[in-house]
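Chain by chain, the residues:
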Amino acid sequence: NRATTPLWGWVGLVTPADTLGGRLALLAGLALFSLGMSGLERLLGLNALLEELIATGPVVELARIDPVPAALIAGLAYAVLRTGGAEELLFRGLIYKRLIAWFGEGPANITQSLLFTLIHNGLVQAALPDAPLWLHADIFVRVFVYSWVLGWYMERRDNGSLLMPWICHSTLNFLTFLSFLLP
């Protein structure tokens with residue numbers, strides 16, 4: 001009930017409830033999915049355009065900061081605060097929580113996942129206006145699955161807490177950053 005729930009609880013800033021094993025299983029499952037998608041992209045020869053797409057983003061500029069420890073701090077701050085934190089607070093904190101209140105968890109999770117995915121596909125379109133349809137399909141599947149799993153986990157396993165979606169999102173973005181920083 002919004003009238004009796006403090007703002008931090010209303011947006012998912014609550015104590016997580018899942019076990020360490022559950023959290024590790026989530027991270028491992030998302031990592032395996034990501035590795036599987038990356039392997040399929042490489043097998044199909046699609047990874048060059050994905051690398052070009054990522055190279056259009058701010059992670060490349062952050063990776064050019066010298067010395068390397070400063071770049072690591074900048075990249076980590078960007079991944080944790082700017083992308084992971086801000087996007088999770090907006091999509092799975094504010095939007096998803098309101099959608100759950102209005103429509104229930106199942107429809108809300110599908111809706112927030114679609115919104116999150118469409119925003120990311122819009123960013124792809126802005127960065128690479130001539131991107132082929134397969135790239136949009138690849139990004140759609142990857143981002144939708146991540147988003148849906150994080151929404152499901154948050155509500156079903158972790159007391160509605162944003163902690164693990166934030167950690168997973170930040171980790172994925174930081175690993176993308178590291179791929180440009182490290183030789």
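Residues numbered from 1 in each chain as written. Predicted model: local features only at pLDDT ≥ 70, side-chain atom pairs only at ≥ 80, totals over all residues. Heavy atoms only, no water.

Asks: Please clarify how the overall build of the protein chain should be interpreted in this entry.
Replies: Counting its regular elements, the protein chain contains 8 helices and 0 strands. Along its sequence from the N terminus, the protein chain presents helices and strands in the succession α-α-α-α-α-α-α-α. Going through the 183 residues of the protein chain one by one, you find that 39% of them count as buried. Taking the intrachain contacts of the protein chain between residues at least 6 apart in sequence as the baseline, contacts between residues at least 24 apart amount to 76%. Element-wise, carbon and sulfur atoms account for 73% of the exposed surface of the protein chain, whose accessible area totals about 9,900 Å². (Helix = DSSP H or I, 4+ residues; strand = E, 2+ residues; numbered from the N terminus. Buried < 20%, exposed > 50% of the residue type's maximum accessible area, 1.4 Å probe, protein only. Contact = heavy atoms within 4.5 Å. Areas by Shrake-Rupley, 256 points an atom, 1.4 Å probe, with all protein chains shown as cover.)

Asks: Would you mind showing me how to read the packing of helix α5 (residues 68-103) against helix α8 (residues 163-181) here?
Replies: A packed helix pair is summarised by two numbers, namely the angle formed by the two axes and the spacing between the axes. The geometry of α5 relative to α8 is characterised by a closest axis approach of 8 Å and an angle of 145° between their N-to-C directions. Here α5 runs over α8; the crossing is right-handed. Partitioned by chemical class, the residues of the contact of α5 with α8 number 12 nonpolar, 7 polar and 3 charged. (Axes fitted to C-alpha atoms, helices over the stretch in contact; angles between N-to-C directions. Left-handed = near helix turned anticlockwise from the far one by under 90°. Nonpolar A, V, L, I, M, F, W, Y, C, P; charged D, E, K, R; others polar.)

Asks: How should I be thinking about the environment of Thr83 in this particular structure?
Replies: Within the secondary structure layout, Thr83 lies in helix α5. With 87 residues separating them along the chain, Thr83 and Ser170 place their C-alpha atoms 7.0 Å apart. Every residue in contact with Thr83, bar those within four places of it in the chain, is listed here: Tyr78, Glu88, His169 and Asn173. At 2.7 Å, the side chain of Thr83 and the side chain of Asn173 are in polar contact. (Polar contact = N/O pair within 3.5 Å; in protein donor to acceptor, adjacent residues only side chain to side chain.)

Asks: Help me out: how do you make sense of helix α6 (residues 105-127) in this one?
Replies: Because the α-helix completes a turn every 3.6 residues, residues three or four places apart line up on one side. Compared with the 33 Å implied by 1.5 Å per residue over 23 residues, the 33 Å span of α6 between its first and last C-alpha is a close match. Taken as a whole, α6 has its buried residues at Ala108, Asn109, Gln112, Ser113, Phe116, Thr117, His120, Asn121 and Val124. (Expected span 1.5 Å × (residues − 1).)

Asks: In this structure, what is going on with the packing of aromatic side chains? I would like to understand it.
Replies: What characterises a pair of aromatic rings is the spacing of the ring centres plus the angle enclosed by the ring planes. Tallied over the entire structure, the rule returns 4 aromatic pairs. Measuring from centroid to centroid gives 5.6 Å for Phe33 and Tyr146, while their planes differ by 85°, and the two rings are edge-to-face. Residue Phe33 is located in helix α2 (residues 20-43), and its partner Tyr146 is located in helix α7 (residues 133-156); the two are separated by 113 residues in the primary sequence. Residue classification places Tyr146 among the buried residues on the basis of a relative accessible area of 9%. A ring pair is formed by Phe91 and Phe116, whose centres lie 5.0 Å apart and whose planes are at 80°; its orientation type is edge-to-face. (Phe/Tyr/Trp six-rings, centres within 6.5 Å; stacked < 30°, edge-to-face > 60°.)

Asks: Looking at this structure, how should I read a nonpolar patch on the surface?
Replies: A cluster of nonpolar side chains, Leu20, Leu24, Leu27, Leu163 and Ile167, forms an exposed patch at the surface whose accessible area comes to about 420 Å². Sorting the residues of the nonpolar patch by element identifies α2 and α8 as the ones contributing at least two each. Here the nonpolar patch gets 3 residues from one element, more than from any other, and that element is α2. Secondary-structure assignment places Leu163 in helix α8. (Patch = residues over 30% accessible without salt bridge, like charges linked within 9 Å, V, L, I, M, F, W, Y side chains within 5 Å. Salt bridge = Lys/Arg side-chain N within 4 Å of Asp/Glu carboxyl O.)

Asks: Mind showing me how you'd approach unusual backbone geometry here?
Replies: For residues other than glycine, phi is negative in most cases, and the peptide bonds are mostly trans. Of note, the phi angle at Asn159 is positive, near 65°, even though the residue is not glycine. Relative to the assigned elements, Asn159 resides in the loop between α7 and α8. For Asn159, a relative accessible area of 48% translates into the label partly exposed.

Asks: Can you walk me through the packing of α2 against α7 in this structure?
Replies: In the contact formed by α2 and α7, the axes pass within 11 Å of each other and the chain directions differ by 175°. Taken together, the axes of α2 and α7 are roughly antiparallel relative to one another. Residue-level contacts link Gly22, Arg23, Leu26, Leu30, Phe33, Ser34, Met37, Ser38 and Glu41 of α2 to Asp138, Val141, Arg142, Val145, Tyr146, Val149, Leu150 and Tyr153 of α7. When its residues are assigned to classes, the contact of α2 with α7 shows 10 nonpolar, 3 polar and 4 charged. (Parallel < 35°, antiparallel > 145°, perpendicular 65-115°, else oblique.)

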